[in-house]
Amino acid sequence: RQEFGALAELYTAVARQSENLKTSQQGLLLYTENISKALAIQHTSMQAARGPLLQLGQAMASGNIRAQEFNSIMLGLPYVMKVVAENFKGGAVSVMQLRQMMLQGKLESIEFYEAFQRGTKQINDDFDKTQITFSQAFTIFKNELIKFTGNLDSTTGAASKFAAVLKFVADNLAFLASALVALSVGTKLGPLIANFIALRAESAATAAQVAAANIQM
């Protein structure tokens, strides 16, 4: 759900610290995926979270997490902080306890990283819950589309002539799904995407008008 370029930047930033974090390429890929899912869960775009993600990258490189980095992560990536606290080594702790450890210079980057990775199942479970709404939305769309085309066939016998419009919708479902996902996670690109959708809708309306004219012939 996040921009590929931004994900690549995140992966590259963390990959530089792979030796310090004692992780593999597979671990880095999982970390990047987990961060992407965490942003979707908290309804934040990669662009909006760029500052906190930069601080997170610095935190992973510094050995010990410092106050500025901790505060930025806590404010901009609250779900990440929640996962770390609930999966910290030795048992769950509160975010305030993490903060106290940080102030004492005892919150190590590798501990933070490993705690976040231990929360993978929790992240996946929460992420799956966010997908339900998208699935339901498209199920409703599909059902209404079936009912609409069924009515066309029974009342006018012209469903076959409407195939062009249905094909247009089908060909653009992937784009529309991506746009809806982007809008749902609060991306600042929303207005641009909305304008693009409007252009697609106008094209669909034109196709519908053509199909309607063919039906009347």
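In this report, the structure presented in the accompanying data block is examined. (Residues numbered from 1 in each chain as written. Predicted model: local features only at pLDDT ≥ 70, side-chain atom pairs only at ≥ 80, totals over all residues. Heavy atoms only, no water.)

Attention now goes to the overall build of the chain. The number of helices and strands found in the chain is twelve helices and zero strands. Ordered by position in the sequence, the α and β elements of the chain form the string α-α-α-α-α-α-α-α-α-α-α-α. A burial count over the chain gives 37% of its 217 residues as buried. Sequence separation of 24 or more characterises 68% of the internal contacts of the chain that already satisfy a separation of 6 or more. For the chain, the accessible surface area stands at approximately 12,100 Å², while carbon and sulfur atoms represent 60% of it. (Helix = DSSP H or I, 4+ residues; strand = E, 2+ residues; numbered from the N terminus. Buried < 20%, exposed > 50% of the residue type's maximum accessible area, 1.4 Å probe, protein only. Contact = heavy atoms within 4.5 Å. Areas by Shrake-Rupley, 256 points an atom, 1.4 Å probe, with all protein chains shown as cover.)

A few words now on helix α5 (residues 67-76). For α5, the set of buried residues is Glu69, Phe70, Ser72, Ile73 and Gly76. Relative to the axis of α5, the buried residues are bounded by an arc of 165 degrees and lie together on one face. Of the exposed residues in α5, the ones pointing more than 90 degrees away from its buried face are Gln68 and Leu75. Where the residues of α5 are buried, they touch α4 (50-61), α6 (78-86), α7 (95-103) and α8 (109-118). (Arc of directions from axis to C-beta.)

In this section: the packing of aromatic side chains. Considering all chains together, one arrives at two aromatic pairs under this definition. For the ring pair Tyr31 and Tyr113, a centre distance of 5.3 Å and an interplane angle of 40 degrees mean the geometry is tilted. In this pair, Tyr31 sits in helix α3 (residues 25-41) while Tyr113 sits in helix α8, placing the two residues 82 residues apart along the sequence. Between Tyr31 and Phe116, the ring centres sit 5.8 Å apart and the planes meet at 75 degrees, which makes this aromatic pair edge-to-face. With a gap of 85 residues between them, Tyr31 in helix α3 and Phe116 in helix α8 connect regions that are remote in the sequence. (Phe/Tyr/Trp six-rings, centres within 6.5 Å; stacked < 30°, edge-to-face > 60°.)

Let us now look at the environment of Val14. Residue placement: Val14 occurs in helix α1 (residues 4-15). You can call Val14 buried: its relative accessible area is 3%. Once residues lying within four places of it in the same chain are set aside, the contact partners of Val14 are Leu21, Leu28 and Tyr31.

Time to look at the environment of Leu107. Mapped onto the fold, Leu107 is located in the loop between α7 and α8. A sequence separation of 43 residues divides Leu107 from Asn64, and the C-alpha atoms of the two residues are 5.7 Å apart.

Moving on: the side chain of Asn87. As for its position among the elements, Asn87 is in the loop between α6 and α7. Judged by its relative accessible area of 17%, Asn87 is buried. In this structure, Asn87 is in contact with Ala115, Arg118, Gly119 and Gln122, ignoring residues within four places of it in sequence.

Note that every value here comes from positions in space, so none of it alone points to a role or purpose.
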